[in-house]
Amino acid sequence: MRIGELSRRSGVPVPTIKYYVREGVLPAGTLTSPNQARYDDGHERRLRLIRALLDVGGLSLSAIAEVLEAVDDPGQPVHKVLGVAAGRIIPEESGKPEESGESGETDEAEEVEAAEGAGPESADAREEVAALLARRGWYVDADNAAARSLAGVLAALHRVGHGAFVELLDVYADAAEPVARADLDYVRRRVAREDLVESVVVGTVLGEAMFGALRRLAHVDASARAYGDPEEVGRWAGA
């Protein structure tokens, strides 16, 4: 297909396709003349992955290039490739300030963040995460981006006086394990490495949003059953 058809099929404008080729994230087409090139289904699949990483995953073009480098490396096992993709879209520890135009404000915020990261709450949180991984027998390094993110959440809970929330870690882990297996079952339906990575990106970002919405719905139900009018709850249950 020519670039116009590739644009129509992928929904990506021609100038953007040319930009991706110049930046090296999309392979160039096969030249059929000095000013014409042909593209194939592989280019369309790669464009779909780039858009998923960009629009859904929120990655920069340089980060996308890193993920695509892993995808294109035949020596990289699928587990490693999926880990690279997931690791790039998992947020680091919460509380990191946005960059501001005032360098003084940014420096001060970074000093506060560094002080908090070195505090006893952070050390305790990292130990709690390491203990969780060992207790569950999960094949995850304690320095994994998600592990660091979890430690950041636990440290924040300690700082606001809710360190006892750690007692719920295994309850959350019990819920997370079947969800993770379901996610991977969905990913396994894909064959091409690009499709596998796209599924991980979409599943990680939108899957977490879906799980969060379901959790909030369950909260409403649990609250109604625990604190609501029994007669009203009974009418809902019988509807």
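One structure accompanies this document, and this report is about it.

About the criteria used
- Residues numbered from 1 in each chain as written.
- Predicted model: local features only at pLDDT ≥ 70, side-chain atom pairs only at ≥ 80, totals over all residues.
- Heavy atoms only, no water.
- Salt bridge = Lys/Arg side-chain N within 4 Å of Asp/Glu carboxyl O.
- Helix = DSSP H or I, 4+ residues; strand = E, 2+ residues; numbered from the N terminus.
- Buried < 20%, exposed > 50% of the residue type's maximum accessible area, 1.4 Å probe, protein only.
- Polar contact = N/O pair within 3.5 Å; in protein donor to acceptor, adjacent residues only side chain to side chain.
- Contact = heavy atoms within 4.5 Å.
- Arc of directions from axis to C-beta.
- Phe/Tyr/Trp six-rings, centres within 6.5 Å; stacked < 30°, edge-to-face > 60°.
- Axes fitted to C-alpha atoms, helices over the stretch in contact; angles between N-to-C directions.
- Parallel < 35°, antiparallel > 145°, perpendicular 65-115°, else oblique.
- Nonpolar A, V, L, I, M, F, W, Y, C, P; charged D, E, K, R; others polar.

Side note on the pattern of salt bridges
Here the idea is simple: oppositely charged side chains can pair when their charged atoms come close. Applying the stated criterion to the full structure yields 14 salt bridges. A salt bridge links Glu 44 to Arg 9, with the nearest nitrogen and oxygen atoms 2.8 Å apart. Of this pair, Glu 44 sits in helix α3 (residues 41-56) while Arg 9 sits in helix α1 (residues 3-10), and the two are 35 residues apart along the sequence. Its salt-bridge partner being Asp 72, residue Arg 46 comes within 2.6 Å of it at the nearest N-O pair. Here Arg 46, found in helix α3, pairs with Asp 72, found in helix α4 (residues 61-72); they are 26 residues apart in sequence, far enough to count as distant. For Arg 46, a relative accessible area of 4% corresponds to the buried category. For Asp 72, a relative accessible area of 45% translates into the label partly exposed. The network of salt bridges with common partners includes Arg 135, Arg 136, Asp 170, Asp 174 and Glu 177.

Focus on the side chain of Arg 136
With respect to the element layout, Arg 136 can be found in helix α7 (residues 120-136). Overall, the relative accessible area of 19% leaves Arg 136 in the buried class. Among the polar contacts made by the side chain of Arg 136, one reaches the side chain of Glu 177 at a distance of 3.2 Å. Apart from the residues within four sequence positions on either side, Arg 136 is in contact with Asp 170, Ala 173, Asp 174 and Glu 177.

A closer look at α1
Taken as a whole, α1 has its buried residues at Ile 3, Leu 6 and Ser 7. End-on view of α1: buried residues confined to an arc of 100 degrees, all on one side of the axis. Each element contacted by the buried residues of α1 is listed here: α2 (14-23), β2 (36-38) and α3. With its phi angle positive at about 80 degrees, Gly 11 sits one or two positions after the end of α1.

Regarding the packing of aromatic side chains
The description of an aromatic ring pair rests on the distance of the ring centres and on the angle between the ring planes. In this structure the tally under the stated criterion is 2 aromatic pairs. Ring centres 6.1 Å apart and planes at 45 degrees place the aromatic pair Tyr 19 and Tyr 20 in the tilted group. On the accessibility criterion, Tyr 20 (3% relative accessible area) is buried.

Description of the packing of α2 against α3
When two helices pack together, their arrangement is given by the angle between their axes and by how far apart the axes lie. Running from N to C, α2 and α3 point in directions that differ by 90 degrees, and their axes come no closer than 12 Å. In terms of their interaxial angle, α2 and α3 are classed as roughly perpendicular. The residues of α3 that touch α2, namely those facing Thr 16, Ile 17 and Tyr 20, are Leu 47, Ile 50, Arg 51 and Leu 54. Classifying every residue of the contact of α2 with α3 by side-chain character gives 5 nonpolar, 1 polar and 1 charged.

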